[in-house]
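Breakdown of the fold
Chain by chain, the residues:
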Amino acid sequence: MRDFLNETELNTLNHSCAHVMAQAVKHIWPQARFWVGPVVEEGFYYDMDLGDVTLNDADLEKIEKEMKKICKDGKKIVRHEISREEALEQFHDDPYKVDLITRMEEGVQISMYTQGDFTDLCRGPHVESTKMCRNFKLIKHSGAYWKGDKNNKVLQRVYGVCFPTDEELQEHLQLLEEAKQRDHRKLGKEMQMFMFSDIVGSGLPMWLPNGFTVRRLLSDYIMNKELDQGYIHVMTPSVVSTKLYKISGHLAHYKDDMFPIMERDDEEFCLRPMNCPEHMIMFRSTLHSYRDLPVRIAEIANDFRFEASGALTGIERSRAFTQNDSHIFCRPDQIAQEIKAVTNLILDVYKDFGFKEYQFRLSLRDPENTEKYFGNDELWEKSEAQLREVLKEMDVPFYEALGEAAFYGPKIDVQVRSAIGHDVTLSTIQLDYQLPERFELEYVDSDGQKKRPVVIHRAILGSLDRFVAFLLEETKGVFPAWLAPTQVHLIPVNIEAHDEYAKKVELDLRKAGFRVHDDNRNEKLGYRIREAQTKKIPFSLVLGDKEKENGTVTYRRYGQKDQITVSEQEFIDLLKEACSDRSL
């Protein structure tokens, strides 16, 4: 995908095209008023007040038709400046422009751009003429609250893209169509992985049997990896007293992202947004020697965050999710070796899944906005330097990003490039001196003195929900055999004659540990074979007279045409080998 935000020429072109779109809208709906039309990651958009008009898909076609006329006309795009007072006079009857102008400093000159019969406020820059915007496409429309405030009016938002050439435009549209086919929301529905219900609540996913099977397999996979590295697994409650989050600082720093506080029996409770404070309490409940450290507490934990409704994106971003979380309590001299071990675990998991395109990001606090974070400058500088040093020692390529730290400490985020060109944060490592201080955590050191441990927060798969969404989009729903909800689809040719043999094969495969479905519906053979392919099941077995007589199976792998007949045991061995490969 092209970078609309950072490619200067593309950015300028798309911002200019947003003005072309606004001009076309004004021609069709003269009452239209405009808020802002920025360039964003996916192209450009413009927010518009069209009075009582609510746009539909047919309206986008009308707007595009008018835009083509404007581009063909090829009017020059001319910049001019006026004073703040002149701007207020010119746009006195437009509340959206008045709001923008009154928030500008007094005495500044305000730049405006005119193309034919349309003038708009804008910092610019723009291309020379509307003719240069002719390779465009309007992508979608939606509603958007003015200024993002749900108490304000809903404006009409239209998204579009523009490219220097038609070839580049068509290539981009093809990528968008590919992304649409890979959308985890579409695939999840088709594969009956998860569902949402307005009655249950927005952003609260319900996992259907197929989806829950995948989640369980991923949970078992990562917990086994952790057990091999000395982690201990726990379970903590999803509802806790606000006392816990007052100590941790989450209530002061994170309250706006949490569900509302509940009051019962003169006590306040909340749904937890994360589970690190509970692990602090667990560690604090026992006296620890320096010999006990590190203590690696891990949990597959359910968490809840009240994400804005406009930010909800299927299971990728929801209000209820499950984290593959852990907190490592260690001595200061153990920090480097523990972070290296976590980093190696991440790389080992990525090797299993065949992830090759990823970057390590060192997420630091914003030095210009330190009030967002708690703790002192010395501890922040120390922990940032330690993470940086470990990454350098491991010779892991990384880049730094200001303002991306957690409020209690810096972190290492691993950005994995998805099949549709997006960077998704899957894994994270966070170094924390703050929470041990706030919870007064201690261990007895070799000199007999009580010391503060350091905490390393880490998540390997991150949110299981987001990880499943990522896998769906990576594979188009074609999961590897070990992870597929159903691994083998049995298809008896004739239900009466062959289903008894199919039942025997099913039992044998289940005893061998495989997930099997016997499709003995009264449907035509061809229909059942095609449906097995539609459901993207790794192996389809057709069982007829020959198979029944010889104790064999005839299998076909998903996506292949060849049908191969082998003994039942040979197929079990083949399936075991297929399941040993976790790569996508």
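Computed from a predicted structure; not experimentally measured.

**Things to note about the overall build of the protein chain**
Helix and strand counts for the protein chain come out as 18 helices and 28 strands. The principal-axis extent of the C-alpha atoms belonging to the protein chain is close to 85 × 75 × 55 Å. Residues counted as buried form 51% of the 584 residues belonging to the protein chain. Put simply, of all contacts in the protein chain between residues at least 6 apart along the chain, 70% involve residues at least 24 apart. Carbon and sulfur atoms form 47% of the exposed surface of the protein chain, whose accessible area is close to 28,800 Å².

**Things to note about the nonpolar core**
Grouped together as the largest cluster of nonpolar side chains are 75 residues, with contacts concentrated most on Leu218, Leu541 and Phe571. Of all the elements, helix H11 (residues 335-353) adds the most residues to this core, at eight residues. Setting aside anything within four residues of it in sequence, one finds Phe571 in contact with Val488, Leu509, Phe539, Leu541, Val553, Tyr555 and Val566. Within the second largest apolar cluster, 31 residues are counted, among which are Phe44, Leu60, Ile63 and Cys122.

**Thoughts on the pairing of strand S15 (residues 295-304)**
For S15, the buried fraction is high: eight of the 10 residues fall into the buried class. Relative to S15, strand S11 (residues 232-233) is paired through two bridges, and the arrangement is parallel. In the sheet register, His233 faces S15, and the bridge partner there is Ala298. As paired elements, S15 and strand S16 (residues 320-330) share 10 bridges and run antiparallel to each other. Looking across to S16, one finds that Asp303 is bridged to Phe321.

**Overview of the sheet that holds strand S24 (residues 488-492)**
Spatial strand order, S25-S24-S26-S27-S28: five strands in an open sheet with mixed pairing. In this open sheet, the two strands that pair with only one neighbour each are strand S25 (516-518) and strand S28 (564-567). Ignoring strand direction, the axes of neighbouring strands in this sheet form an average angle of 30°. Relative to S28, strand S27 (residues 552-557) is paired through four bridges, and the arrangement is antiparallel. Bridged to Thr552 within S28 is Ser567. This element, helix H16 (residues 525-534), spans S24, strand S26 (539-543) and S27 of the sheet and lies at about 175° to S24. Lying over the sheet, helix H18 (residues 568-579) contacts S24, S26, S27 and S28, oriented at roughly 105° with respect to S28.

**Concerning the pattern of salt bridges**
This model, assessed by the stated rule, comprises 47 salt bridges. Close ionic contact of Arg361 with Glu404 constitutes a salt bridge, the shortest N to O distance being 3.8 Å. Residue Arg361 is found in strand S17 (residues 358-364), and its partner Glu404 is found in the loop between strand S18 (398-402) and strand S19 (411-417); the two are separated by 43 residues along the sequence. Here the salt bridges share partners, and the residues they tie into one network are Arg272, Glu278, Glu299 and Asp303.

**Quick look at the packing of aromatic side chains**
All chains considered together, the criterion is met by 23 aromatic pairs. Seen in terms of ring centroids, Trp35 and Trp146 are 5.6 Å apart; in terms of plane orientation they differ by 90°. Their pairing is edge-to-face. Residue Trp35 is located in the loop between strand S1 (33-34) and strand S2 (39-40), and its partner Trp146 is located in the loop between strand S7 (136-145) and strand S8 (154-162); the two are separated by 111 residues in the primary sequence. Classification of Trp35 by relative accessible area gives buried; the value is 9%. Centre to centre, the rings of Tyr221 and Trp482 are 5.6 Å apart; their planes meet at 45°, and the pair counts as tilted. Of this pair, Tyr221 sits in helix H7 (residues 209-228) while Trp482 sits in the loop between helix H14 (464-475) and S24; the two residues are 261 residues apart in sequence, bridging distant segments of the chain. Neither Tyr221 nor Trp482 differs from the other in exposure class; each is buried. Among the aromatic residues, those joined into a ring-pair cluster are Tyr221, Tyr350, Phe353, Phe355, Tyr358, Phe360, Phe467, Phe470 and Trp482. Lys140 extends its terminal NZ or CZ atom over the ring of Tyr159, reaching a point 4.7 Å from the ring centre.

**Here we look at the packing of helix H1 (residues 8-28) against helix H2 (residues 57-73)**
Relative to each other, H1 and H2 sit at 115°, their axes nearing to 8 Å. Viewed along their axes, H1 and H2 adopt a mutual orientation that is roughly perpendicular. In terms of crossing hand, the pair formed by H1 and H2 is right-handed. Facing Cys17, Val20, Met21, Gln23, Ala24, Val25, His27 and Ile28 of H1, the residues of H2 in contact are Lys62, Ile63, Glu66, Met67, Ile70 and Cys71. Grouping the amino acids of the contact of H1 with H2 by side-chain chemistry returns 10 nonpolar, two polar and two charged.

**Some thoughts on the sheet that holds strand S14 (residues 267-271)**
Taken together, three strands build an open sheet; the order of strands is S12-S14-S13 and the sheet is antiparallel. Edge positions in the open sheet fall to strand S12 (239-241) and strand S13 (262-264), since each of these has one partner strand only. Between one strand axis and the next, the sheet turns by 35° as a mean value, whatever way the strands run. Pairing between S12 and S14: three bridges, direction antiparallel. When the sheet's bridge partners are listed, Val240 is paired in S14 with Cys270.

**A short note on the environment of Gln109**
With respect to the helices and strands, the residue Gln109 is situated in strand S5 (residues 109-115). C-alpha separation for the pair Gln109 and Tyr358, spaced 249 residues apart in sequence, amounts to 45 Å. With sequence-adjacent residues up to four places away left out, Gln109 is seen in contact with Glu81, Ile82 and Ser83.

**A word on the side chain of Asp445**
Positionally, Asp445 belongs in the loop between strand S21 (443-444) and strand S22 (450-451). In this structure Asp445 touches Tyr290 and Lys451, once residues within four positions along its chain are discounted.

Criteria and cut-off values
Residues numbered from 1 in each chain as written. Predicted model: local features only at pLDDT ≥ 70, side-chain atom pairs only at ≥ 80, totals over all residues. Heavy atoms only, no water. Helix = DSSP H or I, 4+ residues; strand = E, 2+ residues; numbered from the N terminus. Buried < 20%, exposed > 50% of the residue type's maximum accessible area, 1.4 Å probe, protein only. Contact = heavy atoms within 4.5 Å. Areas by Shrake-Rupley, 256 points an atom, 1.4 Å probe, with all protein chains shown as cover. Core = buried A, V, L, I, M, F, W, Y, C linked by side-chain atoms within 4.5 Å. Pairing = 2+ DSSP bridges. Axes fitted to C-alpha atoms, helices over the stretch in contact; angles between N-to-C directions. Salt bridge = Lys/Arg side-chain N within 4 Å of Asp/Glu carboxyl O. Phe/Tyr/Trp six-rings, centres within 6.5 Å; stacked < 30°, edge-to-face > 60°. Lys NZ or Arg CZ within 6 Å of the ring centre and 35° of its normal. Parallel < 35°, antiparallel > 145°, perpendicular 65-115°, else oblique. Left-handed = near helix turned anticlockwise from the far one by under 90°. Nonpolar A, V, L, I, M, F, W, Y, C, P; charged D, E, K, R; others polar.

Interpretation note: all reported values are geometric properties and have no functional meaning in isolation.
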